[in-house]
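# Fold and contact review
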Amino acid sequence: MSKANVLVVDDQDSIRHFVGQALEDDGYGVTSAGSVREARAAIERDMPDVAFLDLKLPDGTGIELLREIKRAQPEVVVVLMTAFGELETAVEAMSAGAFWFVKKPFQSEELLALAARAVESQKLWLELRRLRNQAFADDDYLHSASPSMQEAYAIAEQVARGDTTSVLIEGESGTGKEYFANLIHRMSARHSQPFVEINCAAIPSELLESELFGYEKGAFTDARAQKLGLMELANGGTLFLDEIGEMSPMLQVKLLRVLERRTFKRVGGTKDIAVNLRIISATNQDLERMVKDGTFREDLYYRLKVVPLYVPPLRERHEDVLPLSRLFMERFSRQFKKPFRDISPAAERVLLNYPWPGNIRELRNLFERTILLETAEILEAPHLKLAPRSRTASEASLGQRIDEIVNGTVPQGGVPFEALVEELERSLIMRASYATKWNQSRTAELLNLKRDKLRYRMKLYDIRSKDDEAQSHSSAA
């Protein structure tokens, strides 16, 4: 019985023969194909466990084929082979779910080691998927019906299965960035190794360097003994750098060197220390804007963002508010031995209308406080003590005009229906655009609009971000 079934796709006969022969000699079952069309036919006959795909094929690309395989069978482990080693291509491949990206030419030892890791990764992934399904009953953040959250979980799962060493988690405070970093580590082959985290905003810049890299005895006045840094302590596992946007420019340079060379020096040291770790970074800041402003290095930004993972805020997950509320109510009722068993419709309306600037952390803290201090069977709106959200001047004006019409105060000459609808549409699009930092895909998803319809309405109402306006003025000048 073969170790695993492997599909080798390359348009060069010599490569197919070399890879196929090496794998067969090592006990693998091998199927070869010279094009995307032949590969599709082979997959229809028998889905492989592992696939080695050439990036450049006569009738398509390996990345296109990778996406097709992942849609049909997510657990297939895919390795891309190419003579073109650009970082951008590697980023696209890893984002699409590739396990690894190998540059030609390669030795048979490297190929066999990679195949063994791929098979082990598939076994581990299947076991971790089973464990993850069990975790749904206990994990706060896993309770989500939101498509955007399900996408975040899918990316986390793909990252955990592969050996991508740089992940950037973006999202507002309280959305669960630290949770996702832990999730990736727990689901990965590194799960038995250390998970080390540090908040870059909580430590002064002059101390952060020695915390990360350690120092040698005598490196500075108080360095009375050698100290290992977090890089060394996390070796083999995962280093989580929270609030990466707060890192000083000097440390950004040193971190970039670690990502590129996988080595570093302790403060005051002369010896290079090699490390094998996954670096997961997180931020609630707009790093892309910081790059434009010159406060964050562009080369480091792209090194950190090999795989981006966006954690949506709770206000974009409207369907999750009540399920999470009931989860927290039941959990804290058990913990504090309180009789709460349901949430009243009025309380539900309050929860749904609140914008949750602190996201899941705020929701959880609210229920912990409320259940601890109140006693009842039904959770009512006054128990929550949530102040109503203040409206902007334009929203207040629009709401007042609608209220006047509903209450029968119709202006002379009739109701300006079209103007009111336009004002309401513009207000909603503006609010959604600000909430998503002018990301049109997320704005369209939030408003349940197709992207082309959103673009049409933005053009119709002349809705533009400050960057768009600045660019327009610059072009005109």
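Sequence order as written defines residue numbering, which begins from 1 separately in each chain. For this predicted model, a pLDDT threshold of at least 70 governs which residues receive local features, and a threshold of 80 or more governs which side-chain atom pairs are given and counted, while totals over whole chains, interfaces and linings are taken from all residues. Values reported for side chains reflect all heavy atoms of the structure, with hydrogen atoms and water molecules removed beforehand.

## Overview of empty space enclosed by the protein
Short version of the rule: For cavity detection a 1 Å grid was placed over the protein atoms alone, and a set of points counts as a cavity when a 1.4 Å probe fits there but cannot get out; an open set counts as a pocket when protein lies on both sides within 12 Å along at least five of seven lines, with lining residues being those that have an atom within 4 Å of a point. Grid points are joined across faces, edges and corners, and a volume is the space filled by probe spheres set on the points. Working definition: helices are DSSP H or I runs of at least four residues, strands are E runs of at least two. Numbering for both runs from the N terminus. When residues are grouped by polarity, Ala, Val, Leu, Ile, Met, Phe, Trp, Tyr, Cys and Pro land in nonpolar, Asp, Glu, Lys and Arg in charged, and all others, Gly among them, in polar.
Under the criterion given, the structure shown has two cavities of 30 Å³ or more. Its boundaries defined by the atoms lining it, the largest cavity holds a volume of some 50 Å³. Considering the residues around the largest cavity, the lining is formed by Lys-70, Val-76, Val-77, Val-78, Gly-97, Ala-98, Phe-99, Ser-121, Gln-158, Arg-161 and Gly-162. Breaking the lining of the largest cavity down by element, the ones donating at least two residues are strand 6 (77-82) and helix 6 (147-161). Its residues assigned to classes, the lining of the largest cavity shows five nonpolar, four polar and two charged. The computed volume of the second largest cavity comes to approximately 30 Å³. Lining of the second largest cavity is provided by Phe-52, Val-102, Phe-106, Glu-110, Leu-111 and Leu-114. Tallying contributions element by element places helix 5 (residues 108-135) first for the lining of the second largest cavity, with three residues. Among the residues forming the lining of the second largest cavity, the class breakdown is five nonpolar, no polar and one charged.

## Some words on the sheet that holds strand 7 (residues 100-103)
Rule in force here: Here the rule is simple: two strands pair whenever DSSP picks up at least two bridges between them. Each axis is a line fitted through C-alpha atoms, and for a helix only the stretch in contact is used; angles between axes span 0 to 180 degrees, taken between their N-to-C directions.
Taken together, the five strands give an open sheet; going across it, the order is 2-1-3-6-7, and neighbouring strands pair in parallel fashion. Taken across any chain shown, the strands that pair with only one partner, and hence form the sheet edges, are strand 2 (29-33) and strand 7. For this sheet, the mean angle separating the axes of adjacent strands, direction not counted, is 20°. Across five bridges, strand 3 (residues 50-54) lies against strand 6 in parallel orientation. Its bridge partner lying in strand 6, Asp-54 is registered against Met-81.

## Digging into the environment of Glu-362
As a reminder, the rule being used: Whether two residues are in contact is decided by their heavy atoms: any pair within 4.5 Å suffices.
With respect to the helices and strands, the residue Glu-362 is situated in helix 15 (residues 359-373). When the C-alpha atoms of Glu-362 and Leu-314 are compared, they prove to be 9.9 Å apart, with 48 residues separating the residues in sequence. With residues near it in sequence (within four places) discarded, Glu-362 still touches Tyr-354, Trp-356 and Pro-357.

## A few points about unusual backbone geometry
What counts here: Only protein chains enter the accessibility calculation, which uses a 1.4 Å probe; a residue whose area is less than 20% of its type maximum is buried, one above 50% is exposed, and one in between is partly exposed.
A cis amide bond, omega -5°, links Lys-104 with the succeeding residue Pro-105. Within the secondary structure, Pro-105 sits in the loop between strand 7 and helix 5. We note that Lys-385 has phi near 55°; this positive angle belongs to a residue other than glycine. Residue position: Lys-385 is located in the loop between helix 16 (381-384) and helix 17 (393-406). By relative accessible area, Lys-385 is classed as exposed at 63%. One non-glycine residue, Asn-448, adopts positive backbone phi at about 55°. Here Asn-448 lies in the loop between helix 19 (440-446) and helix 20 (451-460). Accessibility expressed as a relative area gives 72% for Asn-448, which makes it exposed.

## Observations regarding the packing of helix 13 (residues 321-336) against helix 15
Counted only if it meets this: Each angle gets one of four labels, with under 35 degrees taken as roughly parallel, over 145 as roughly antiparallel, 65 to 115 as roughly perpendicular, and the rest as oblique. Crossings are assigned a handedness: left-handed for a near helix turned anticlockwise from the far helix by less than a right angle, right-handed for a clockwise turn.
The N-to-C vectors of helix 13 and helix 15 enclose an angle of 40°; their axes lie 9 Å apart at closest approach. With respect to each other, helix 13 and helix 15 are oriented oblique. In this structure, helix 13 crosses over helix 15, and the sense of that crossing is right-handed. Here Val-321, Leu-324, Ser-325, Phe-328, Met-329, Phe-332, Ser-333 and Phe-336 of helix 13 come into contact with helix 15, specifically with Ile-360, Leu-363, Arg-364, Phe-367, Glu-368, Ile-371 and Leu-372.

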